[in-house]
Amino acid sequence: MSNETTKPVNAGFAKILPVMFAFFVMGFVDLVGTATNYVKAEFGLADGTANLFTTMVFFWFLIFSVPTGILMNKIGRRKTVLWSILVTLVAMALPIIAYLLCPMKSTVQLVLIVISFAFLGIGNTLMQVSLNPLLTVFVKGDKLASTLTLGQFVKAFASLFAPWIAMWGANSISAFTYTNADGKQVGMWWILFVIYFIVGILGYVLLAFDKIEEPAPDAGTTTIGRCFKLLFSDRIVLLCFLGIVAHVGVDVAINAQAPRILTEHTGDTFTAIASSATMVYFVARMIGCFTGGIVLQKISNKLGVRICGVIMTLSAICFAIFTLVPTNPPVWLFWVAVALVGFGNSNVFSLFLSHALMYRPDRQNEISGLMLMGLIGGAIFPPIMGAAADVAGQFGGILVMDIGCLYVLVVGFAYRVLESGKKPVEA
C-alpha cells in the first residue's frame, strides 16, 4: 500500500456529508440489541429465542454480501446505498405498524417485529457492502483508512443514542403503555423506530440529491463463482478477508464473554457487570475510531496494523493473567484489558478493508462484498470461545480470542505479505 494520499476527488465537505450521514443510518442495525430486551420482556421469550434476533444480522451478511457486490456493478454504488436505506426504512416502519395497529402481545405483532429485524439485517448488509467503497470516490491511498474509520465513528453515534432514546420513551411517554411479562409498566419505547424512521428519510433525501461521479463497473463479467475464485486464488485478498473475520470475531466474542470472565472471578451480579463492561468497551472503541480518523491520515496502513496488533495482544495478555490468578485477581487488570481490546480493535476493519479496496481498484465492488462477508466471524468466534471456556475455564475462551489478536499482530509485522504480488494502483 502506498503511503501517499490524495485529495478528495470531489472537493468540498458538502459532497461527502450525505455519505457520512448514511453511515449514521448504517448504525441503526445496533438497535436490535436494545429492541430485543424490550421484546423479550414483553412476550416473555426465552433467552435462546431472543438471541436469534441478533443472529439474523450475521446470517444475512453470509447470504447477501457477494450478491450485493454484483448488484453494485449493475446499478452503481450510490443507487445500491439508496436501496439499502429504503430497506432499512421498511425495517423501521414495521414495528410502528405493529404497535399502532396490532393487538398488544399478539402473534401478528411479534411476527412483524421479527420480519423487521430480518429487513434490518438485509438493509445493513446492502449498506455495508456499498457504502464503504463509495468513499473511494472521494479519497484514496492510506487516507482511505482514516476516512472509513471516521465513518465508523459516525455510525457509533446511532448505536450510542438507541438505548437512551428507547429508555426515554419507556419512562416518559405514557401513550401505548403496556405491562410486560415481568409485570412492569412500559411506555412508548418504540418511539426509537419513529425517530430513526424520520432520520432515515432525511438520509435518503440527502444522498438522492447528491451528485457523485462513480468509476466504471468492475472489469469483466461479475458472477458469484468469479468472486469466490478471487477470494481463494489471491493471497492478499484472502489475508484481508481473514483480518476482518478476526476483527469481528474478537469484537463480538469480547462483548459476550467479558462480563462472564469478571463474574466468574469476582462473584458480582452479571447484570451490573454486563452494563459496565459493555460501556467501557464501547467508549474505548469510540475513542479509538476518533483517534484513528485523525492519526491514520498521518501514518501508513502498515504502521497502523502493527499498532493495533500490539495493543490487542497486550489486551489478550492482560486477560490471560487475570483468568490464571486463582483467587482475588486484580480487577483493574480486567478493565485495562477491556479498554485495550476496544481501542486496538477499533481500526482493524478499516485498515484491512481499505487495503483490499486499493489493492484491486478494478474489482472494488466484488472485493467489498467478499470483505463484508467476513463479518460472519461474529457468528464463528463466540460459540467456539464459549465451548473452550466450558472445557478449560475462561482462560480457554481467552485463548480463542488470542487467535484473532495474534493474527493482526503477525500480519502487521509481516506486512510484506500484503504488499507482494500485484501492486495496488498508486494514489
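Residues numbered from 1 in each chain as written. Predicted model: local features only at pLDDT ≥ 70, side-chain atom pairs only at ≥ 80, totals over all residues. Heavy atoms only, no water.

Concerning the overall build of the protein chain
Keep this limit in mind: Counting from the N terminus, the helices are the DSSP runs of H or I reaching at least four residues and the strands are the DSSP runs of E reaching at least two. Here's how the labels work: a residue is buried when its accessible area is under 20% of the maximum for its type, exposed when over 50%, partly exposed in between, all with a 1.4 Å probe on protein chains only. It only takes one pair of heavy atoms within 4.5 Å for two residues to be counted as in contact. Working definition of accessibility: Shrake-Rupley area with a 1.4 Å probe, residue cover restricted to the visible protein chains.
Secondary structure assignment for the protein chain yields 17 helices and two strands. Relative to its 427 residues, the protein chain shows a buried fraction of 58%. Of the contacts formed within the protein chain by residues at least 6 apart in sequence, a portion of 82% connects residues at least 24 apart. Summing over all exposed atoms, the protein chain offers an accessible surface of approximately 17300 Å²; the carbon and sulfur share of this is 70%.

A look at the side chain of Arg 363
Stated precisely, the cut-off is as follows: Identification of polar contacts relies on pairs of N or O atoms within 3.5 Å, with a donor-acceptor requirement for protein atoms, meaning one able to donate a hydrogen and the other able to accept it, and with residues adjacent in sequence counted only if both atoms are side-chain atoms.
The residue Arg 363 is located in the loop between helix H13 (348-359) and helix H14 (364-373) in this model. Of note is the side chain of Arg 363, whose polar atom sits 2.5 Å from the side chain of Glu 366.

Considering a nonpolar patch on the surface
Note the cut-off: Put simply, a patch holds well-exposed residues, over 30% relative accessible area, that have no salt bridge, with like charges counted together within 9 Å and Val, Leu, Ile, Met, Phe, Trp or Tyr side chains within 5 Å. The working definition used for a salt bridge is a side-chain nitrogen of Lys or Arg within 4 Å of a carboxyl oxygen of Asp or Glu.
On the surface, Val 310, Leu 314, Ile 317, Ile 321 and Phe 413 cluster together into a nonpolar patch covering about 440 Å² of accessible area. Ranked by residues supplied to the nonpolar patch, first place goes to helix H11 (residues 301-324) with four residues. Along the chain, the position of Val 310 falls in helix H11.

Brief notes about helix H6 (residues 143-172)
Short version of the rule: A helix is expected to span 1.5 Å for every residue after the first. For a residue, the bend is simply the angle between two axes, fitted respectively to the seven-residue segment ending there and the seven-residue segment starting there.
In this model H6 runs 44 Å from its N-terminal to its C-terminal C-alpha over 30 residues, within 8% of the 44 Å that 1.5 Å per residue would give. Roughly 25° is the biggest bend found in H6, and it falls at Phe 161, with proline Pro 163 one to four residues downstream.

Re the confidence of the model for the protein chain
To be explicit about the condition: The pLDDT score gives, residue by residue, the confidence of the prediction method on a 0 to 100 scale.
Mean pLDDT for the protein chain: 82, with 87% of residues reaching 70 or above. Here residues 1-11 scores under 50 on pLDDT; set against residues more than four positions off or in separate chains, the count is 37 contacts. With pLDDT under 50 throughout, residues 423-427 is counted as low confidence; its partners more than four residues away or in other chains account for 13 contacts.

Re the packing of aromatic side chains
Quick note on the threshold: By convention, a stacked pair of Phe, Tyr or Trp rings (six-membered ring in the case of Trp) has centres within 6.5 Å and planes under 30 degrees apart, an edge-to-face pair has planes over 60 apart, and any other such pair is tilted.
All chains considered together, the criterion is met by 18 aromatic pairs. Here the aromatic rings of Phe 24 and Phe 28 are separated by 6.1 Å at their centres, their planes lie at 85°, and the arrangement is edge-to-face. Residue classification places Phe 24 among the buried residues on the basis of a relative accessible area of 15%. With a relative accessible area of 1%, Phe 28 lands in the buried category. Between Phe 334 and Trp 335, the ring centres sit 5.0 Å apart and the planes meet at 80°, which makes this aromatic pair edge-to-face. Counting every residue linked through ring pairs, the aromatic cluster contains Phe 21, Phe 24, Phe 28, Phe 153, Phe 157, Phe 161, Tyr 196 and Phe 290.

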